[in-house]
Each structure stands twice: as structure tokens, then as C-alpha cells.
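What follows is each chain in one-letter form.
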Amino acid sequence: MVEATPGVGSKPYSIFTGAAVAIVAGIAVKAAITITKAKRTFEDFKNLTPVSKLPAGERDKFAGGVTLRYEHVLATLVAVLIGATAIWYGGNPPEITAAISVVTWWAIAIAITFGLVPLARLDRIAYVPLGLLTVLVILTGVSFFWSNNEGLAFNSLVQITGVLGIFALVLLCSRNGSANAWLRGIAFGLAFLVLLSVMSRFFPGLGDDTELAKSLYGSSGRLSWPLGYWNAMASIAAMATVAVAWFGSTHSDSVWRHASVAALPIMFLTMYLTSSRGGLISLIAGTVLLFVMESRRKGLLIAYAAGILGGAILVLSASQMPDLVHAESDGDAGMQGVVLLVITIAVSSGTFFLMKRFEDGLKAIPVPRPTPVVWAGLALAAIVAVVLINPIRQADSFIATPDAQQVSIKGENLTSDHLLSAGGNGRWQYWEAAINAFKEKPAFGIGAGSYQDFYTNDRDKLLFGRHTHSLPLRFLGELGLIGFLLAAGFFAWVVAVGWRRWRAGEGRTTLNQSGDSPYLSGAVPPLAALILTGTLGMSIDWTSEFPAVAAPILIAMAATVGPATRSRSAEGAGQEGPDALPKWGYLPPEFAS
């Protein structure tokens, strides 16, 4: 027998339900009318005549006008959306993740329904990763039938649906040759989050790391705000460093180049304050890949050298300020924050002016190729380093179960100690549980959202955990070999397409065109470096559950396989073609005749 729910079916309930439906329907109709009007306005907007095509007499009236291009609007929008996640802890709370997913899919539906984006723009090559992600979403939903936690399974479905939505939306919104705009938006958005985060140490009352240090084991005051998790913040800082360093070496405007390099010391300071070894490893891997793929290595080397030098000064200064580093609520954290702020301003300003003064001279210095003796010396140094590190002992330390009773001593710099330690903080145990889940049900896994309960029952020691701390192992344990292969196939396809487009114009430096190549090969290195930096972090932590971290990676992936890395000349679009928005002072066609 099914019990009736109080109020359901009663007259007041029906009245209120009908009223709500009517209101929602009215809003939908109003939205449709507004969108239709906006589309007509947009069509009229596109029909305006560019200043460059006006008669000479009329053209002079608009001399000195400001050109507003599609890439400017796109970069601003991306930066604002990424930066806005700071309001909601990087989008990590389930309700915020769900809201992002819903808004993304509404944007897709509206764009397609009202013809705001042409589907014909997509290559067939872009439908493969879309298809793989779609099947992964379906598998996640179907796994409800064997998941032991329907609530967490629903959260997982919402997350992966949002991933598919962001990837699809970026593909739909991309135009030929728009990779630079996407990169600018990513760089500005990530840099904003980094600057906002480090401000919480300059002004301790701004963030909530003090409360986090008191309530969460392992925090030790590590820089976490505004995302609420230090490793997620480190992943943001690592990706920001790669993107900003690339712009600092390749941007055509010297002011932007110097400003980008001047921001790098702050990125390295943020990496230190998060005390995230995973973030540091990801940054190193992304940087190495960027140097391997980027043909303008000298400029890149200058940018990184200046950034590291300035960052070293800031890190050494911060290491002498224990109250600030550990987010202490008492002591001298406030005064130390002001001192570090002054030092930061001085270092960044000095870096800017040094770049302005010496950049051209440094670029003119020839860089000799390493001789066999140099290579032999580097090899010998690497061998000595390996012996001193003692990999076996470090591996044992990583595998060991962490001591939950660890007590910090006042005055100790736990940030520096943690960066130099080899302990895994329980990762080995989390990964082992995910592999055990895969062994139990290898084909389709234990079901989305089931890892937390499985780990609680599988663990042999009282080590609390909710996450696998590895996205690939999460797929393997919860969705089995099928889910893992779908995710791996998606990643492999992006890598293969990026490799093909990069090789098509390897050695060419321009972003706007690549000789006879139909691809913007010069944009692939920073995109690839961003993807590696972010996904490596996701492979050794649970940063994938933060849309602020996942979105830049998905944008880079979609730009790699979509129209963004196709040359504008691939469809015959000129500089004033579909990539250009009107200049202030454009005239309608009837006034141009």
C-alpha cells in the first residue's frame, strides 16, 4: 500500500502548482521573445559596414576609434566566468556544480534553438570526443542500478554532465582562429583567482584559512581560500603560471609581456603557500612540455628565469613569517602580511622595469648548444641526486599510513617541511581501495558515487577518506574498465588531434596563421601545457571536483580539437571577417553608399 503525501492532490496545492506553472511558462515566453529580439539585433549588428570599407571621406570621421573584436568579448567573458567561481568555493558545493551544469545546458539549448551558433562549423573530428563523453554520461547514469549510494551517484552524474556541457559549449562558441582569445580568458581568470587568494595572506581577515586550519587535519594553514582546498588552489596557480609565462614570452605588446612576467613571482609565492607537492609536480611537467613544444624558447626562458628569481625572493621572505604562512589567528600575521605585501609590490615592480630595460638585450644574446661535456655533467648530477634522494626510502614513506596524531610545534615552518617530505598523506591507501573496487567488479565498477562507502568498509586502518584522490582510478573503481577506457579514449583523442595540428605547422611562430597549414599550430603548445598541468593534478588528487579547475582544462581541450585552432584562412575569413565585431563608429549600409 502506498501512503498519501500530505498536501499532494489537495485543492490549495493544485492552485499553487498551477500558478507556479503559469509563472514559469510566462517567464519562458518572455525569454523566447527577448532572445528573438536579441537575435534580430545581432543580425543587424553584423550587417553594419566596417570603417575600413567606407569611402575615404567618411572613414576619416572615425579615425582613432576603438576596435571591439570577437576575441576581446570572448576573453573577457571566459575570465569573468572563471573568476566568478571564487564566490562559491570554486563551484565545488554540489548545489553550485548542479547550477553550473544546468546553466551550461540551457545556454546550449538556447544557442541551438535560436540559431545563435552554426553546428556546421564543427569538424567531424570534434564529434568523437563528444560521443565518448556522452557514452560516459550514460554509463554514469545507468550505474545507479548497482550503486550503493544514490545521492553521491546523482552528484557524480551532475558533475560529468557538466563536463560534457562545458566541452560542448566551448566547441559551439569557437570560431576559426579564436584560440588566442580562449587562452587570454583562461590566463586572466586564473590569474585573478591567484591574486585574490594571496591577498588573503596580505590581509588575514579576508579569507577563512584560519578557521580551516583549526577544523581540518592536514591543513596546517596552507593557502586554500577562496576554493577551500589547498591542492585545488595549487592547481589553479600552476595552470596560471604556465599560461601567464607563455603570454610573457610571446605577446606582441611589450607592456603586456612585461606585466605578465611581473605577475609570475606572485604565482610562485602562491605555490609555496599552498605547500602542494602535487601542484609543484604538475607545474614542472607542464613547463617542460611547454619548452619542448614552443619554438620561442629564448623568450620563455627569460620569462621563467625572471619569474623564478622574483618568486625566490618572495618565498624566502615568507618563510621567515610563520604566523602568516600558517594562517595564525593570533600573533603577528597582520603585520607580516603588510610587510610581505610591500615586498611583493617591490619585487613585481622591479621585475617589470628590469624586463622593460633588459629584455631586448637578453634576447640578442646567442644561446650555445650544450656540448657533450655539459650533457655528461648533467647526467652525473642527476645520478648523484637520485642517490641522495634514496628512492626506496621515499617510496616507503609515501606508502606508509600517515600519523593522524601529528602535533605541530610553535615556530616550525610546516609549509617548507611538507614540501620537502615524501609522505603520501594516505594516497596510497585511497588508490589501493580504488583498485580493490575494480578487482571486485572489473567490467562496470561498483557504481558512481560508491567509492566512499567502499573505502570505509575496505580500509584496514582508521584513516578517514571520501575521495580516490585520482580521477583515472575513480573511473576505474566506480565505472570499471568500460568507464576508464571511455575517459582514456577521450583524453587520447584530444592528445592525438593536438599532436597532429602542432606537427602540421611545427617551427612556425605566428598565432594568426601557420603558413600553408590550416591550423594555428602556435596555439597548441600552451593549450597542451595547460591540459597536462591540470590533468596531472587530477590524477594525484581530487581537484577534478572543482569546476574552477576543470573548466580551464575543458576549454583547452575543446580549443585543441575544435575550430579555435583552425586557421582563419581555412574558410577564407579575412581579418575583418566573422572574427571581427564592429568598431565604435560603424555605419549602417544605407549610410555607406
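See the structure above.
Per chain, residues are indexed from 1 in the order of the written sequence. In keeping with the model being predicted, local features are shown solely for residues with a pLDDT of at least 70 and side-chain atom pairs are shown and tallied solely at 80 or more, while totals for entire chains, interfaces and linings include all residues. Each side-chain value is worked out from all heavy atoms of the structure, with water and hydrogens disregarded.

## Thoughts on unusual backbone geometry
Going from W225 to P226, the amide bond is cis rather than trans, its omega being 10°. Inspection of the secondary structure puts P226 in the loop between helix 8 (209-215) and helix 9 (230-250). The phi dihedral of A327 falls on the positive side, at around 55°, and the residue is not glycine. The helix and strand labels rest on DSSP assignments: H or I over at least four residues marks a helix, E over at least two residues marks a strand, and numbering proceeds from the N terminus. The topology assignment puts A327 in the loop between helix 13 (322-325) and helix 14 (333-364). Only protein chains enter the accessibility calculation, which uses a 1.4 Å probe. A residue is then buried if its area is under 20% of the maximum for its type, exposed if over 50%, and partly exposed in between. A relative accessible area of 9% places A327 in the buried class. Here the phi dihedral of H469 falls at roughly 60°; this positive angle occurs in a residue that is not glycine. Structurally, H469 can be placed in the loop between helix 19 (451-458) and helix 20 (471-504).

## Considerations on the pattern of salt bridges
One side chain can pair with another of opposite charge once the charged atoms of both are near each other. Should a side-chain nitrogen of Lys or Arg be within 4 Å of a carboxyl oxygen of Asp or Glu, the pair is scored as a salt bridge. For the structure shown, the criterion picks out six salt bridges. Of the charged contacts in the structure, one is a salt bridge between R257 and E359, with a shortest N-O distance of 2.9 Å. Here E359 lies in helix 14 and R257 lies in helix 10 (residues 254-274), a separation of 102 residues in the sequence. Taken as a pair, R257 and E359 share a single burial class, namely buried.

## What to know about a nonpolar patch on the surface
Here a patch means residues that are over 30% exposed by relative accessible area and free of salt bridges, tied together within 9 Å if like-charged and within 5 Å if nonpolar (Val, Leu, Ile, Met, Phe, Trp, Tyr). Areas reported as accessible are Shrake-Rupley estimates using a 1.4 Å probe. Residue values count occlusion only from the protein chains shown. On the surface, L280, I284, V288 and V292 cluster together to form a nonpolar patch covering roughly 340 Å² of accessible area. Among the structural elements, V292 can be located in helix 11 (residues 277-293).

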